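Chain and residue survey
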Amino acid sequence: MNPQVLIRSLLPAFVFGVAWLSNGQTIPAWFPKTPPLPPPGGEIVRIRTANELLAAVERLSPGGTLFLADGQYRLPRPVVLDRKRNITLRSASGDPDKVTLSGKGWERGDEHDDILHIGRCEGVTIADLSFADCRSYGIKVEAERAPKDIYILNCRFRDIGVRAIKGSAAQDANIRAVKGSVRGCYFENTKVPPADWLFGGDYIGAIDMMALEDWTFSQNVFWNIKGRNGGGRAAIFIWVRSRQVVVERNLIVNCDRGVAFGNPGKSTANIAGESLVYVSEGIIRNNVIVGGPDGGIELWYADRIKALNNTIWRPERNWNRGIRIGTGTSNTEIVNNLVHGAIQSEGGEAQVHHNLAGRLEGYFEDSSLGNLTLTSVATGAFGRGVPLSEVTEDIRGQPRTLNPDLGAWQSESQHSPTRLRSGKMPAVTQPVLFNTPQADEILSALEVFPPDNAFNQVIETWPPHPNSQRIVASIGRDKPLRHNTDMGFVLVPPDQPRVPIHIVEYPGESDPGPFPVPDNIPIEGWPVWYDREGV
């Protein structure tokens, strides 16, 4: 079966349940999981030992499948896929916890201790396998060799010393890894690098890929991907001439960084003199990012990026680094995000609107376990987003409403803001003064603002804005509330006759006449001022 057709056939389905990581942490029951692969087609080669695996990849024909029996496969050298077409490596049982490919070891391996390389291939599916205990890379995708249609599904990555999935690149700007995805995978480390490794033990990450085009990273879980000093790379780190990359519906917990498009530094794959754009036309949406000593989402030298409906919970360390808009970032939108922390510009430019950032205490079920399900307290998030064509579902695949919630989680409809329902609009057949019961009836039914505007919603149960106290203090907490009684008005029917008016003062600030002015138009200050002054 063509891997691209295979992957597309899996996308509509979701399976919900509780998953356990090796350190006892649980994945929330609502988190989606990819369904099992269908039976393989074409040649099937059954594998039982590491030596059989290394030999079989050399002679596997197009359309073939390597079926790995349950067991531990400790590899003396990397499995190399080169010039392969439409092949699959998968466990026979479909359970990644029962088939483990490992290197020489976290402590015993060297800088060449990788498990799997993918080079000049078109159509490769890696599914239902565990990659564990190697010093360098779990899977290396060599973009410099122009691979196409690479799909990694329902795999486990545990204790990989440098990168669980590495995407390398060279200095040819026209060569990329085109089309691929990483879906339904778990990434977890139970240890941190020693101080004598690169960058004092901080040169570590989960997914670090360059020169990608049309890739998706979806429904993955990342736990405890950390450097020795809190300076590890992001769980999902994309850079160097990448474009059309989607990062969605991922759960990232207690990793040094969450999602990074770009880097403030440079790569050996950069071309001298080229305009530095690390990622363009990318989307980061519906992700939950919890904890970690550094940033939630960061953008550096990124162009035309959309960060939409993400939920981020920052601890006290670097609390402000919820979303970082870094140097070189342009033409970017930051919309509908829910951030316990801050959204800050660090030299980049973006349109930032319809977000809620600040101290969102009580908004989430259990941030310590990565469960940022909204509670009933999170009324400042309910229905406060703007509808987006790019975000029609939430992290679970549940549909968004007309008035979507902020963040990755869409609440049940009963939590949405209550809308003030207008009454039936009475007919206006003659001029009606503002201080009459007839005017009250008309105004109670008249909607001046759009239906989703806050003026049309019940807000008495909403919590104060996180910066409410500072806003009030800046105005003056003890100042009286003043109001203006001068401006009376009259409501007129649609067919009110128009009369010419000669405007003496500020004619340039007035609409051109004639005007629908009735005979009973109130004079400024009437009646309150006149009654007060005894006129």
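Attention in this report is confined to the structure presented alongside it. Quick caveat: nothing in here was measured; it's all calculated off a predicted structure.

**Concerning the overall build of the chain**
Along the backbone of the chain there are 6 helices and 41 strands. Expressed as a percentage of its 535 residues, the buried residues of the chain come to 51%. For the chain, long-range pairs separated by at least 24 residues make up 69% of all intrachain contacts whose partners lie at least 6 apart in sequence. With an accessible surface of roughly 25100 Å², the chain has 51% of that area assigned to carbon and sulfur atoms.

**Here's the deal with the packing of aromatic side chains**
Considering all chains together, one arrives at 11 aromatic pairs under this definition. A centroid spacing of 4.6 Å and a plane angle of 10° characterise the contact between Phe-187 and Phe-222, whose relative ring orientation is stacked. Placement of the pair is Phe-187 in strand 19 (residues 186-188) and Phe-222 in strand 22 (residues 221-223), with a sequence separation of 35 residues. By the ring-pair criterion, three or more aromatic residues cluster together here, those being Phe-131, Phe-157, Phe-187 and Phe-222. When the ring centre of Tyr-186 is taken as origin, the NZ or CZ atom of Arg-156, which lies over that ring, is 4.1 Å away.

**Describing the environment of Ser-130**
Structurally, Ser-130 is set in strand 13 (residues 130-134). Sequence-wise, Ser-130 and Arg-158 are 28 residues apart; in three dimensions their C-alpha atoms are separated by 7.7 Å. Discounting chain neighbours no more than four positions away, the residues touching Ser-130 are Pro-96, Asp-97, Val-99, Thr-100, Leu-101 and Arg-156. One polar contact links the side chain of Ser-130 to the main-chain carbonyl oxygen of Pro-96, over a distance of 2.6 Å.

**Quick word on unusual backbone geometry**
In this structure, the amide linkage connecting Gly-513 to the following residue, Pro-514, adopts the cis form with an omega of 0°. One can find Pro-514 in the loop between strand 41 (490-491) and helix 6 (528-533). Positive phi, normally seen in glycine, also occurs at Ala-211, with a value near 50°. Mapped onto the fold, Ala-211 is located in the loop between strand 20 (205-210) and strand 21 (212-218). Given the relative accessible area of 1%, Ala-211 is considered buried. Phi is positive for Arg-304, close to 55°, though the residue is something other than glycine.

**A look at the pattern of salt bridges**
One pass over the full model with this rule turns up 23 salt bridges. In this structure, Arg-304 and Glu-281 form a salt bridge, with 3.9 Å as the shortest nitrogen-oxygen distance. One end of the pair, Arg-304, is in strand 30 (residues 302-308); the other, Glu-281, is in strand 27 (residues 279-285), with 23 residues separating them in the sequence. Judged by relative accessible area, Arg-304 falls into the partly exposed class, the value being 43%. With relative accessibility at 37%, the residue Glu-281 sits in the partly exposed group.

**Side note on the nonpolar core**
If you look at the biggest cluster of nonpolar residues, it comprises 81 residues, and the most contacted ones within it are Leu-81, Ile-126, Phe-187 and Phe-217. Top element by residues in this core is strand 23 (residues 234-239). It accounts for 6 residues. Look past the residues within four positions of Leu-81 in its chain and what remains in contact with it is Val-57, Ile-87, Leu-89, Leu-116, His-117, Ile-118, Gly-119, Cys-121, Val-124 and Ile-126. In this structure, Tyr-186, Val-253, Tyr-363 and Phe-364 belong to the second largest nonpolar core, which totals 24 residues.

**Structural notes on helix 5 (residues 468-475)**
Sparse coverage of helix 5 is indicated by the burial of 0 of its 8 residues. Just downstream of helix 5 lies Gly-476, where phi reads positive at about 125°.

**Concerning the environment of Phe-31**
Within the secondary structure layout, Phe-31 lies in the loop between strand 3 (26-27) and strand 4 (32-33). Sequence-wise, Phe-31 and Asn-220 are 189 residues apart; in three dimensions their C-alpha atoms are separated by 9.4 Å.

**A few points about the side chain of Asn-337**
Relative to the elements of secondary structure, Asn-337 occurs in the loop between strand 33 (332-335) and strand 34 (338-340). Among the polar contacts listed, one links the side chain of Asn-337 to the backbone oxygen of Ala-307, at a separation of 3.0 Å. Beyond its immediate chain neighbours, meaning those up to four positions away, Asn-337 contacts Ala-307, Leu-308, Asn-309, Asn-310, Ile-323, His-354, Asn-355, Leu-356, Leu-406 and Gly-407.

**Comments concerning a nonpolar patch on the surface**
A cluster of nonpolar side chains, Met-425, Leu-443, Leu-446, Val-448, Phe-449, Phe-455 and Phe-489, forms an exposed patch at the surface whose accessible area comes to about 680 Å². Topologically, Phe-489 is positioned in the loop between helix 5 and strand 41. Given a relative accessible area of 33%, Phe-489 falls into the partly exposed group.

**Here we look at helix 4 (residues 437-445)**
Among the residues making up helix 4, those that are buried are Ala-439, Ile-442 and Ala-445. Taken around the axis of helix 4, the buried residues stretch over an arc of 135°, which confines them to a single face. Exposed side chains of helix 4 directed beyond 90 degrees from the buried face belong to Pro-437 and Ser-444. On the buried face of helix 4, the contacting elements are strand 40 (432-433) and strand 41.

**Some words on the sheet that holds strand 31 (residues 311-313)**
The strand order across the open sheet built from 11 strands is 7-10-13-16-19-22-25-28-31-34-37, with neighbouring strands paired in parallel fashion. Every other strand in the sheet has two partners, leaving strand 7 (71-74) and strand 37 (356-358) as the edge strands with one partner each. Averaged over all pairs of adjacent strands, the angle between their axes in this sheet comes to 10°, without regard to strand direction. Taken together, the 4 bridges between strand 7 and strand 10 (residues 99-102) define a ladder with parallel strand orientation. In the strand pairing of strand 10, Gly-71 is matched with Val-99.

Rules used throughout
The residue numbering used here restarts from 1 in each chain and proceeds along that chain's sequence as written. With pLDDT at 70 or above as the cut-off, local features in this predicted model cover only qualifying residues; side-chain atom pairs require 80 or more to be listed or tallied, and sums for whole chains, interfaces and linings still use all residues. No hydrogens and no water enter the side-chain calculation; it runs on all heavy atoms of the structure. Starting at the N terminus, helices and strands are each numbered in turn, a helix being any DSSP run of H or I of at least four residues and a strand any DSSP run of E of at least two. Each residue's exposure class comes from its accessible area (1.4 Å probe, protein chains only) as a fraction of the maximum for that residue type: buried when under 20%, exposed when over 50%, partly exposed otherwise. Throughout, a contact is declared for two residues whenever any of their heavy atoms are within 4.5 Å. Under the convention used here, a 1.4 Å probe and the Shrake-Rupley method define accessible areas, while residue burial counts only the protein chains that appear. Stacked, edge-to-face and tilted labels apply to pairs of Phe, Tyr and Trp rings (six-membered ring for Trp) whose centres lie within 6.5 Å, assigned for plane angles under 30 degrees, over 60, and everything in between, in that order. By definition, being over a ring means that NZ of Lys or CZ of Arg is both within 6 Å of the ring centre and within 35 degrees of the ring normal. Under this definition, polar contacts are N or O atom pairs within 3.5 Å; protein pairs additionally need one hydrogen-donor-capable and one acceptor-capable atom, and for neighbouring residues in sequence, both atoms have to be side-chain atoms. The rule for a salt bridge is simple: a side-chain nitrogen of Lys or Arg has to be within 4 Å of a carboxyl oxygen of Asp or Glu. Residues belong to one nonpolar core when they are buried, are Ala, Val, Leu, Ile, Met, Phe, Trp, Tyr or Cys, and are joined through side-chain atoms within 4.5 Å. A patch consists of residues exposed above 30% relative accessible area that lack any salt bridge, with like charges linked at up to 9 Å and nonpolar side chains (Val, Leu, Ile, Met, Phe, Trp, Tyr) linked at up to 5 Å. Each C-beta atom gives one direction from the helix axis, and the arc is the one those directions make. Any two strands are treated as partners once DSSP identifies two or more bridges connecting them. Fitted lines through C-alpha atoms give the axes, limited to the stretch in contact for helices. The angle between two N-to-C directions lies from 0 to 180 degrees.

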